[in-house]
Amino acid sequence: MLKPVLQPQKPSPIKALTVSQLNRQVKGLLEGQISSVILEGEVSNFIAAGSGHWYFSLKDSQAQVRCTCWKGRNQAFNFRPKDGDAILVRAKVTLYEARGEYQLTVETMQ
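About the thresholds
- Residues numbered from 1 in each chain as written.
- Predicted model: local features only at pLDDT ≥ 70, side-chain atom pairs only at ≥ 80, totals over all residues.
- Heavy atoms only, no water.
- Helix = DSSP H or I, 4+ residues; strand = E, 2+ residues; numbered from the N terminus.
- Rg over C-alpha atoms; globule rule 2.2 N^0.38 Å.
- Buried < 20%, exposed > 50% of the residue type's maximum accessible area, 1.4 Å probe, protein only.
- Contact = heavy atoms within 4.5 Å.
- Areas by Shrake-Rupley, 256 points an atom, 1.4 Å probe, with all protein chains shown as cover.
- Lys, Arg positive; Asp, Glu negative; His and termini not counted.
- Charge placed at Lys NZ, Arg CZ, Asp CG, Glu CD.
- Pairing = 2+ DSSP bridges.
- Axes fitted to C-alpha atoms, helices over the stretch in contact; angles between N-to-C directions.
- Polar contact = N/O pair within 3.5 Å; in protein donor to acceptor, adjacent residues only side chain to side chain.
- Core = buried A, V, L, I, M, F, W, Y, C linked by side-chain atoms within 4.5 Å.

Engineer: Please provide a residue-by-residue account of the overall build of the chain, values included.
Structural biologist: For the chain, the count of helices and strands is 2 helices and 5 strands. Starting at the N terminus, the α and β elements of the chain follow one another as α-β-β-β-α-β-β. Here the chain has a C-alpha radius of gyration of 23 Å; the compact-globule value for 110 residues is 13 Å, and the former is much larger. C-alpha atoms of the chain, sized along the principal axes, occupy 90 × 30 × 25 Å. In the chain, which comprises 110 residues, the share counted as buried stands at 26%. For the chain, restricting intrachain contacts to residue pairs at least 6 apart in sequence, the fraction spanning at least 24 positions comes to 50%. Counting only carbon and sulfur atoms, one obtains 54% of the accessible surface of the chain, whose full area is about 8300 Å². Charge centroids of the chain, computed over 14 positive and 9 negative side chains, lie 13 Å from each other.

Engineer: Before we move on, can you summarise the sheet that holds strand E3 (residues 64-69) with the specific residues and values?
Structural biologist: Think of a sheet as strands paired side by side through backbone hydrogen bonds, with each pair either parallel or antiparallel. Within the closed barrel, the 5 strands sit side by side as E1-E2-E3-E5-E4. Their pairing is mixed. Taking each pair of neighbouring strands and ignoring which way they run, the sheet shows an average axis angle of 55°. Each of strand E4 (86-96) and strand E5 (101-109) is contacted by helix H1 (residues 19-33), which is oriented at about 135° to E4, the strand it contacts most.

Engineer: I'd like a rundown of the side chain of Thr105, residues and numbers included.
Structural biologist: Note on placement: Thr105 falls in strand E5. Among all residues touching Thr105, those that are not within four sequence positions of it are Thr68, Trp70, Arg90, Ala91, Lys92 and Thr94.

Engineer: Go over the side chain of Ser57, please, and point to the residues and values.
Structural biologist: Checked against the element boundaries, Ser57 lands in strand E2 (residues 54-59). A polar atom in the side chain of Ser57 sits 2.9 Å from the side chain of Arg66. Not counting residues up to four positions away in its chain, the partners in contact with Ser57 are Glu42, Val43, Ser44, Asn45, Gln64, Val65 and Arg66.

Engineer: Break down the nonpolar core for me, citing the residues and quoting the values.
Structural biologist: Residues Phe56, Cys67, Ile87, Val89, Val106 and Met109 are the most contacted members of the largest nonpolar core, which totals 16 residues. Contributions of two or more residues to this core are made by strand E1 (36-48), E2, E3, E4 and E5. In terms of residue count, E4 provides more of this core than any other element does, 4 residues in total. Residue contacts for Val106: discarding those within four places in its chain leaves Phe56, Cys67, Thr68, Cys69, Arg73, Val89, Arg90 and Ala91.

Engineer: Tell me about the environment of Gln103, and name the residues and values.
Structural biologist: On the secondary structure map, Gln103 appears in strand E5. A relative accessible area of 12% means that Gln103 is categorised as buried. Expressed as a C-alpha distance, the spacing of Gln103 and Ser57, which sit 46 residues apart in the sequence, is 9.2 Å. Once residues within four sequence positions are removed from consideration, Gln103 is found in contact with Val65, Arg66, Thr68, Lys92, Val93, Thr94 and Tyr96.

Spelled out as structure tokens, the structure:
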């Protein structure tokens, strides 16, 4: 009596995400869960770009986060921060998809 030959099953194809798809999903999760935060910290690596936007890090003794302040917002402030300034910001948490880095988009600053 012949025994039936078992055929090995083909593995099911794995549906891989692209990096862009992953970053888009993470952005949606992050921005959906954390709308706005108030943080205090020290300004570091401040850059006033030719476009009028400001880029800097906000840091404490143990960590830092990148910040962006768009020209339309920063024109309303009565000062321009500089490295070493202690500031308080209200900001939205965002993910810059192209680099896969989360950052803060500053809305107010004092």
